[in-house]
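# Structural description and commentary
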Amino acid sequence: MFLPSGVYGLFVDGQYIESVSGETFDVIDPSMGFAVAQVAKGGAEDIDRAVKAARSSFESGVWSRVSPKERASVLDNIAKKIMEYAEQMALLEVQSSGATIRRVMSSDIMLVVDLFLQMANFTRDFPHKEPLAAIPLPGPSHNFVIREPVGVCGAISPWNFPLILGCWKIAPGLAMGNSMVVKPASYTPLSTLLMGQICKEAGLPDGVLNIVPGPGSTAGETLASHPDVDKIAFTGSTVVGRRIMQLAAGTIKKVTLELGGKSPNIILEDADLDIAVPGSCFAFLLHNGQVCESGTRLLVPQKLHDEVVERMCHVIGRLKVGNPLDLETDLGPVISAQQLETVLSYIEAGKQDGAKLMVGGKRIRPEGFEEGYYVEPTVFTNVNNDMRIAKEEIFGPVLSVIPYKDLDDALRIANDTIYGLAGGVWTKDPKKGLEVARAIKAGTVWINDWHLLRNDAPFGGYKQSGIGRELGHFGLEEYTQVKHIHQSMVQDRQRRFWYDRIVTLKE
Ligand code: NAD
């Protein structure tokens with residue numbers, strides 16, 4: 001991955017290379033606040049170079065025309081290679097994203113390994129060719145539907161789960177025979193860059209996967225508007241997602257968008273609080289709330305309000321915030337100095353708007369990590385759904401507790417949002433749980449749980465949380481073109497009576 005200069009290179013056409021401009025940028029360890037790596041800074045010309053490599057590999061057929069079985073075996077190899085590189089991968093992820101090593105080693109790496117294995121299996125079983133029913137009219141014919149790769153797919157990923165969310169695009173894109181250009185977020189390009197080496201060692205032909213870190217305003221915009229890119233898959237904020245759609249519109253690219261969220265988490269009166277209380281902490285605190293589907297609006301019946309809040313504050317008070325490389329650490333830093341400022345400014349907004357701060361609310365400087373971007377896990381009560389802390393995505397460890405009167409009131413509040421990524425309900429009554437799950441307008445709903453996503457289940461948003469789905473066979477569909485082929489079996493011109501509808505064709 002390293003160039004002779006010690007800089008991480010762009011991965012283009014199977015090689016790590018410098019950027020055309022020769023410029024680099026720093027990757028900061030958010031737990032320390034200082035640079036831990038330098039990365040070649042991709043710009044418009046680098047994206048262009050990567051798109052050319054992807055196009056040439058695609059048209060050559062080295063990957064796009066190999067059998068699904070062969071592609072699946074390379075995906076299996078990629079999964080094995082990720083296991084071999086697990087420690088290095090985890091370290092890169094922790095150092096750049098601030099994730100805890102405990103989570104990355106026990107969850108993220110395993111999820112990504114499983115993703116490639118699942119995509120390999122799906123590829124083997126995918127209906128690459130489906131015959132249609134034979135109908136005698138207007139004349140006998142064979143009709144079938146085939147799936148083809150889309151072509152060159154651009155992928156733009158965010159910083160919160162760089163490895164997982166990058167691979168949510170790479171794995172299905174490759175599985176279906178596409179060539180790809182990936183632009184990871186500038187805060188966290190390292191683990192995605194390592195995927196280049198891993199895929200190459202696993203047998204992926206050069207040029208099929210290209211990785212170009214660089215600013216969204218140059219590299220990202222060039223990729224999203226590039227005339228030779230057929231599809232763009234984006235995960236990030238709703239604001240940038242809107243811009244991606246505009247850029248992609250120029251050449252009518254296929255677009256999938258995974259955007260922001262403000263997920264409602266509803267505790268019903270009959271909930272088992274021994275599960276619902278820690279579960280609701282888990283829902284809003286995983287990765288410091290920097291998760292698109294975090295349960296950041298907690299809807300609690302008036303009757304349980306004080307007990308739930310008191311028990312949650314007790315759990316939160318015992319969390320260990322600090323060094324993400326320490327296995328004992330529960331919460332690491334937020335991603336950047338800017339994100340820290342954003343979170344603190346939302347906390348101020350909550351106070352100004354009349355919410356009551358129950359716990360947290362301040363920056364922390366853990367010993368030895370004084371310059372890191374740490375903030376206390378924070379709970380506000382007395383929140384109403386019109387306050388900024390309840391309406392806007394904070395992307396930090398801040399919970400808004402909103403009391404409700406009855407179930408109708410809870411559902412009204414839950415769905416009163418521009419987002420629709422996820423939601424959850426806690427109840428001992430399975431029937432009631434399903435009723436609420438159906439009523440929440442979101443792409444994923446958990447009953448008595450949170451964050452448990454599966455590589456074989458679709459993930460994506462209603463409303464302004466996105467378009468399309470990732471994961472499962474739904475996700476694979478997004479990386480295919482559908483072609484109907486009609487093969488006529490009518491050999492005789494006289495029997496082709498339908499030609500005669502256009503008189504001029506008569507001889
Ligand atoms: P972001 O929108 O700022 O950036 C995401 C990516 O887009 C980065 O790679 C960035 O460089 C690039 N980018 C920025 N401006 C661009 C432009 N004008 N043209 C092209 N590319 C551009 O998001 P972020 O801050 O990295 O991530 C946090 C956001 O992502 C949150 O809103 C979160 O909810 C969302 N998110 C959604 C999901 C999901 O699956 N729905 C998952 C994770 C994160």
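Residues numbered from 1 in each chain as written. Predicted model: local features only at pLDDT ≥ 70, side-chain atom pairs only at ≥ 80, totals over all residues. Heavy atoms only, no water.

## As for the overall build of the protein chain
Quick reminder of the rule: For the purposes of this entry, the term helix denotes a DSSP run of H or I that reaches at least four residues, the term strand denotes a run of E that reaches at least two, and both are numbered from the N terminus. What the globule rule says is 2.2 Å times the number of residues to the power 0.38, and the radius of gyration is computed from C-alpha atoms. Each residue is assigned to one of three classes by its accessible area relative to the maximum for its type, calculated with a 1.4 Å probe on protein chains only: buried under 20%, partly exposed between the two thresholds, exposed over 50%. Between two residues, a contact is recorded if the distance between any of their heavy atoms is within 4.5 Å. In this description, accessible areas are obtained by the Shrake-Rupley approach with a 1.4 Å probe, and a residue is regarded as covered only by the protein chains that are shown. Asp and Glu count as negative and Lys and Arg as positive, but His and the ends of the chain are not part of the count. Where a charge sits is defined by one atom per residue type, namely NZ (Lys), CZ (Arg), CG (Asp) or CD (Glu).
Regarding its fold elements, the protein chain presents 15 helices and 24 strands. Over its C-alpha atoms the protein chain spans a radius of gyration of 25 Å, differing by no more than 12% from the 23 Å that the globule rule assigns to 507 residues. Projected onto the principal axes, the alpha-carbon positions of the protein chain cover approximately 85 × 60 × 35 Å. Counting every position in the protein chain, which comprises 507 residues, the buried fraction comes to 57%. Relative to all contacts within the protein chain whose residues are 6 or more apart in sequence, the contacts with residues 24 or more apart total 73%. Entry remark: accessible area of the protein chain is about 21200 Å², with carbon and sulfur atoms responsible for 54%. Charge separation in the protein chain, taken as the distance between the mean sites of 51 positive and 60 negative side-chain charges, equals 6 Å.

## Overview of the nonpolar core
Operational definition: Buried Ala, Val, Leu, Ile, Met, Phe, Trp, Tyr and Cys residues that are joined via side-chain atoms within 4.5 Å together make up what is termed a nonpolar core. Here the bounds of each domain stem from an automatic or database domain assignment.
Core analysis: the biggest nonpolar cluster contains 95 residues, and Ile78, Ile82, Ile109, Phe116, Leu174 and Met195 have the highest contact counts within it. Among the elements that make up this core, the one with the highest residue count is helix α4 (residues 101-125) (10 residues). Residues lining this core come from more than one domain, with at least three contributed by each of domain 1 (10-259 + 465-484) and domain 2 (264-447). Not counting residues within four places of it along the chain, the set of residues in contact with Met195 comprises Ile78, Ile82, Met89, Phe116, Leu163, Cys167, Leu209 and Ile211. Grouped together as the second largest cluster of nonpolar side chains are 29 residues, Ile266, Leu344, Val375 and Phe380 included.

## What about the domain arrangement of the protein chain?
As a reminder of what qualifies: Defined here as a combined quantity, buried area equals the accessible surface (1.4 Å probe) lost by two parts on assembly, summed across both. Salt bridges are counted wherever a side-chain nitrogen of Lys or Arg sits within 4 Å of a carboxyl oxygen of Asp or Glu. The term polar contact refers here to a pair of N or O atoms within 3.5 Å; inside protein, the definition further demands a hydrogen-donor-capable atom paired with an acceptor-capable atom, and it admits residues adjacent in sequence only when both atoms are side-chain atoms.
Here the protein chain is described as being made up of domain 1 (10-259 + 465-484) and domain 2 (264-447). Here domain 1 and domain 2 have C-alpha centroids that lie 31 Å from each other. If you look at the interface, domain 1 gives 25 residues, while domain 2 gives 32 residues. For the pair domain 1 and domain 2, the summed buried area comes to about 2300 Å², and 63% of that belongs to carbon and sulfur atoms. One can count 1 salt bridge joining domain 1 with domain 2. Salt-bridge contacts for Asp330 lead to Arg102; the nearest nitrogen and oxygen are separated by 3.0 Å. Counting every contact that joins domain 1 to domain 2 gives 11 residue pairs in polar contact (both at pLDDT 80 or more). Put simply, the parts of the chain that give the side of domain 1 that touches domain 2 at least two residues each are α3 (86-97) and α4.

## Regarding the site of the ligand
Under the convention used in this document: For each residue, the test is whether any non-hydrogen atom lies within 4 Å of the molecule or strand; if one does, the residue is near. The classification used treats Ala, Val, Leu, Ile, Met, Phe, Trp, Tyr, Cys and Pro as nonpolar, Asp, Glu, Lys and Arg as charged, and all other residues, Gly among them, as polar.
Not every one of the 27 residues close to the ligand is listed here, only the nearest: Ser157, Trp159, Ser237, Leu259 and Glu393. Between the ligand and Ser157, the relevant distance is 2.7 Å, taken from an oxygen atom to a main-chain nitrogen or oxygen of the residue. In isolation the ligand offers 840 Å² of accessible surface; the protein chains occlude 87% of this area. Those elements giving two or more residues to the shell around the ligand turn out to be α7 (216-225), β10 (231-235) and α8 (238-249). Looking at the shell around the ligand residue by residue, the class counts come to 14 nonpolar, 8 polar and 5 charged. Both domain 1 (10-259 + 465-484) and domain 2 (264-447) contribute no fewer than three residues apiece to the shell around the ligand.

## Examining the environment of Thr256
Relative to the helices and strands, Thr256 is located in strand β11 (residues 254-258). With a relative accessible area of 5%, Thr256 lands in the buried category. The sequence separation of Thr256 and Leu471 amounts to 215 residues, and the corresponding C-alpha distance is 12 Å. Every residue in contact with Thr256, bar those within four places of it in the chain, is listed here: Lys231, Ile232, Ala233, Phe234, Ile467, Gly468 and Glu478.

## Topic: the sheet that holds strand β24 (residues 480-488)
Rules: Here, a strand pair is defined by DSSP locating no fewer than two bridges between the strands. Only the stretch in contact is used when a helix axis is fitted, and all axes are lines through C-alpha atoms; the angle between N-to-C directions ranges over 0 to 180 degrees.
A sheet is described by the order of its strands in space; here 3 strands give the open sequence β5-β6-β24, paired in antiparallel fashion. In this open sheet, the two strands that pair with only one neighbour each are β5 (129-131) and β24. Geometrically, the sheet is characterised by an average inter-axis angle of 20° between neighbouring strands, direction not taken into account. Bridge count between strand β6 (residues 141-149) and β24: 9 bridges; the pairing is antiparallel. Among the inter-strand pairings, Glu148 is bridged to a residue of β24, identified as Gln481.

## Describing the packing of aromatic side chains
Put simply, the test is: Two aromatic rings from Phe, Tyr or Trp, using only the six-membered ring of Trp, form a pair when their centres are within 6.5 Å; if the ring planes differ by under 30 degrees the pair is stacked, by over 60 it is edge-to-face, and anything between is tilted. Over a ring means this: the NZ of a Lys or the CZ of an Arg is within 6 Å of the ring centre and within 35 degrees of the ring normal.
Per the counting criterion, the structure on display carries 8 aromatic pairs. With a centroid separation of 6.1 Å and 90° between ring planes, the pair formed by Trp498 and Tyr499 is classed as edge-to-face. Joined through ring pairs, the aromatic side chains of Trp159, Tyr187 and Phe395 make up one cluster. Between the NZ or CZ atom of Lys129 and the centre of the ring of Phe144, over which it lies, the distance is 4.5 Å. Looking at Lys231, its charged tip hangs above the ring of Tyr479, at a distance of 4.4 Å from the centre.

## A closer look at α7
For α7, the set of buried residues is Ala219, Gly220, Thr222, Leu223 and Ala224. Contacts made by the buried residues of α7 are with α1 (44-60), β7 (152-156), β8 (179-183), β10 and α8.

## Thoughts on the pairing of β8
Where we set the bar: Here, the term right-handed applies to a crossover whose path from the first strand over the helix to the second runs clockwise when the strands point away from the viewer.
In terms of burial, β8 is largely enclosed, as 5 of its 5 residues are buried. Direction of pairing for β7 relative to β8: parallel, over a ladder of 5 bridges. Looking at the pairing, Cys153 lines up with Met180 of β8. Remark: the β7/helix α5 (residues 162-175)/β8 crossover connection has right-handed handedness. Direction of pairing for β8 relative to strand β9 (residues 209-211): parallel, over a ladder of 3 bridges. Residue pairing in the sheet places Val181 in a bridge with Asn210 of β9. Of the crossover connections in this fold, the one passing from β8 over helix α6 (residues 190-201) to the parallel β9 is right-handed.

## Regarding the pattern of salt bridges
Counted by the stated rule, this structure contains 26 salt bridges. In this structure, Asp48 engages Lys52 in a salt bridge whose closest nitrogen and oxygen atoms are separated by 3.1 Å. Taken together, the positions of Asp48 and Lys52, both in helix α1 and 4 residues apart, correspond to about one turn of that helix. As a salt-bridge pair, Lys200 and Asp206 come within 3.1 Å of each other at their nearest N and O atoms. Three or more residues joined by partner-sharing salt bridges are found here, namely Arg55, Glu59, Asp228 and Asp230.

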